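Residue-level structural notes
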Amino acid sequence: MRIIELKETVTASNDRDAETLRGELKQKGTLLINLMASPGAGKTTLLERTIHDLRDRMRIAVMEADVDSDVDAVRIERTGAKAVQAHTDGMCHMDAGMTRRALDALGEDPFDLVVLENVGNLICPAEFDTGAGRCVMLLSVPEGDDKPLKYPLMFTKSDVLIITKTDVAPYFDFDPDACIRRARKLNPDITVFTVSAKTGDGFEEWEDWLIKAVADWKN
Amino acid sequence: MHEMGIILHLAKTLDEAAEREQIKKITRVTLEVGEVSGIVTDYFSDCWNYFRKKRPVLESAELELVTIPAVTYCSSCKRTYPTVQYGRTCPYCESGETWLLKGSECIIKEIEVE
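Described in the following lines is the structure provided in the data block.

Thresholds, definitions, all that
- The residue numbers shown here count from 1 along each chain, following its written sequence.
- Numbering of ligands from 1 and lettering of chains from A proceed in the order in which they are written.
- Only residues with pLDDT of 70 or above have their local features reported here, since the model is predicted, and side-chain atom pairs are shown and tallied only from 80 upward, although totals for entire chains, interfaces and linings are computed over all residues.
- Only DSSP runs of H or I covering at least 4 residues are called helices, and only runs of E covering at least 2 are called strands; the numbering of each starts at the N terminus.
- Atoms considered for the radius of gyration are the C-alpha atoms alone. The globule rule reads 2.2 Å times the number of residues to the power 0.38.
- Our exposure labels follow a C-beta count within 10 Å of each residue's own C-beta, placed from the backbone: buried means 20 or more other C-beta atoms, exposed means 12 or fewer, and partly exposed covers the counts in between.
- Throughout, a pair of residues is in contact if the C-beta atoms placed from their backbones lie within 7 Å.
- In these notes, a nonpolar core means any group of buried Ala, Val, Leu, Ile, Met, Phe, Trp, Tyr and Cys residues linked to one another through C-beta atoms within 7 Å.
- Three categories are distinguished: nonpolar for Ala, Val, Leu, Ile, Met, Phe, Trp, Tyr, Cys and Pro, charged for Asp, Glu, Lys and Arg, and polar for the others, with Gly belonging to the last.
- For helices, the fitted line uses only the C-alpha atoms of the stretch in contact; every axis is such a line through C-alpha atoms, and the angle between N-to-C directions lies from 0 to 180 degrees.
- Strand pairing is defined by DSSP finding a minimum of two bridges between the two strands.
- Throughout, the arc means that of the directions going from the helix axis to the C-beta atoms.

The helix and strand inventory of chain B stands at three helices and six strands. Reading the secondary structure of chain B in the N-to-C direction produces α-β-α-β-β-β-α-β-β. Scaling as 2.2 N^0.38, a compact globule of 114 residues should have a C-alpha radius of gyration of about 13 Å, whereas chain B reaches 18 Å, well beyond that. Projected onto the principal axes, the alpha-carbon positions of chain B cover approximately 55 × 25 × 15 Å. Counting over 114 residues, chain B shows a buried share of 28%. A fraction of 70% describes how many contacts in chain B between residues 6 or more apart in sequence connect residues 24 or more apart.

Right, here's the structure in full:
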């Protein structure tokens, strides 16, 4: 009998897989975005509008991750973008291995941007590196400005926070300044956009960021 | 559901270590689990006992969990305090400018092998 000191995190194997995948995507010039939010925050609606606005400028594909069903993938396909549905077999998050299988399912076509729409959940997806080049999270106005206090890891891991559904702000007590202050306390470098997919408010700024992020990834 | 996901990753990390070190059988796995890692230890052990039977290299591996106390640092008064007892607000100066020093980790400390 002998004892071996490992001193590795339990997810070390996933971290290595994610790093390899990120390197391969960098070589191909494909930016993978891990899009995370609660169920109903507006992930699919944001993507529909973004794809509509940018589909002539870049090649976009979407990987929908859900525990079950393909309703989101069907919505994305209507925009003309390629979509695949990944099932997580009951898991509450996507990891690097599942992400690689979903990318394989997209086939050989080259893409400039692939969006992984992660399982709707503000906790588990933040803990698993998928191999994405950028992490983007949404928080919708009805969810409340206290969410950075309750789910700090998600705000710490995200490069971008998009506050969605600003058109319904008059009906809620959402304080955007308090929300952004709380998010920046956890993550001083986080980029923040406020949008409404209904009116199109704020989409220009978000899409400009996305165009630049895709271009930067190729350099 | 979250615990099972972590077990799958733990098993994969152990498989890789077993191959690297040419290990046939792991008899004990010692994990350091932070107090605020979010892992429910009872449920975690149940998941492990269910899962290990599926892998010859892991089936006789007992899981030992060592709890790491969570400690928070206050950047206003430069003192540290136990996180679980006092949360985000410093008990000495009531500042909210506090940071978790340790307690959110889940690390494979060592494995015992045949």
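The next point concerns the overall build of chain A. Assigned secondary structure in chain A consists of eight helices and eight strands. In summary, chain A has a C-alpha radius of gyration of 17 Å against a globular reference of 17 Å for 219 residues, a match within 12%. Counting only C-alpha atoms, chain A reaches 65 × 40 × 35 Å along its principal axes. Residues classed as buried in chain A amount to 43% of the 219 residues present. A sequence separation of at least 24 residues applies to 75% of the contacts in chain A between residues at least 6 apart.

Looking now at the nonpolar core. Among the nonpolar cores identified, the biggest contains 59 residues, and Ile33, Val114, Leu116, Met137 and Ile162 of chain A are the most heavily contacted of them. Apart from residues lying up to four places away in sequence, valine 114 of chain A is in contact with Thr30, Leu32, Ala61, Met63 and Leu103 of chain A. If you look at the next biggest cluster of nonpolar residues, it comprises 20 residues, including Val10 of chain A together with Ala17, Trp48 and Ala61 of chain B.

Residues and elements named next belong to chain A. Inspection of the secondary structure assignment puts valine 114 in strand β5 (residues 113-117). Its 25 C-beta neighbours within 10 Å are what place valine 114 among the buried residues. The sequence separation of valine 114 and aspartate 89 amounts to 25 residues, and the corresponding C-alpha distance is 22 Å.

On to the interface of chain A and chain B, then. On the side of chain B, 22 residues touch chain A, which itself brings 20 residues to the contact. Elements with a minimum of two residues in the side of chain A that touches chain B: β1 (2-9) and α1 (12-28) of chain A. Counting residues per element, the side of chain A that touches chain B draws most heavily on β1 of chain A, at eight residues. Counted by class, the side of chain A that touches chain B contains nine nonpolar, six polar and five charged residues.

So, about the packing of α1 of chain A against helix α4 (residues 96-105) of chain A. Two packed helices can be described by the angle between their axes and the distance between those axes. Residue and element names in this part refer to chain A. Remark: α1 packs on α4, axes separated minimally by 8 Å, with the N-to-C direction vectors making an angle of 35°. For the pair α1 and α4, contact is made by Asn14, Asp17, Ala18 and Leu21 and by Ala96, Gly97, Thr99 and Arg100, respectively. A class-by-class count of the residues in the contact of α1 with α4 yields three nonpolar, three polar and two charged.

This next bit is on the sheet that holds strand β3 (residues 71-74) of chain B. Residues and elements named next belong to chain B. Strand order in the open sheet formed by three strands is β4-β3-β5, with antiparallel pairing between adjacent strands. At either end of the open sheet lies a strand with only one pairing partner, and these are β4 (80-82) and β5 (98-102). Taken over all neighbouring pairs, the strand axes of this sheet differ in orientation by 35° on average, direction set aside.

Phi is positive for lysine 165 of chain A, which is not a glycine, with a value near 65°. For lysine 165 of chain A, a count of 24 C-beta atoms within 10 Å translates into the label buried. Backbone geometry at lysine 78 of chain B places phi at a positive 60°, although glycine is not the residue there. Following the sequence through the fold, lysine 78 of chain B ends up in the loop between β3 and β4.

Residue and element names in this part refer to chain B. Relative to strand β6 (residues 106-113), strand β1 (residues 26-34) runs antiparallel, the two sharing seven bridges. Counted as the bridge partner of isoleucine 26 is valine 113 from β6. Sheet topology note: the β1/strand β2 (residues 62-68) ladder contains seven bridges and is parallel. Looking across to β2, one finds that valine 29 is bridged to leucine 63.

The next point concerns helix α2 (residues 41-51) of chain B. All names here are of chain B. Among all positions in α2, only Phe44, Cys47 and Trp48 are buried. Taken around the axis of α2, the buried residues stretch over an arc of 100°, which confines them to a single face. Away from its buried face, by an angle of more than 90 degrees, α2 presents the exposed residues Asp42, Asn49 and Tyr50. In this fold, the buried residues of α2 make contact with α1 (2-21) and β2.

Functional significance is not addressed by these values, which are geometric in nature.
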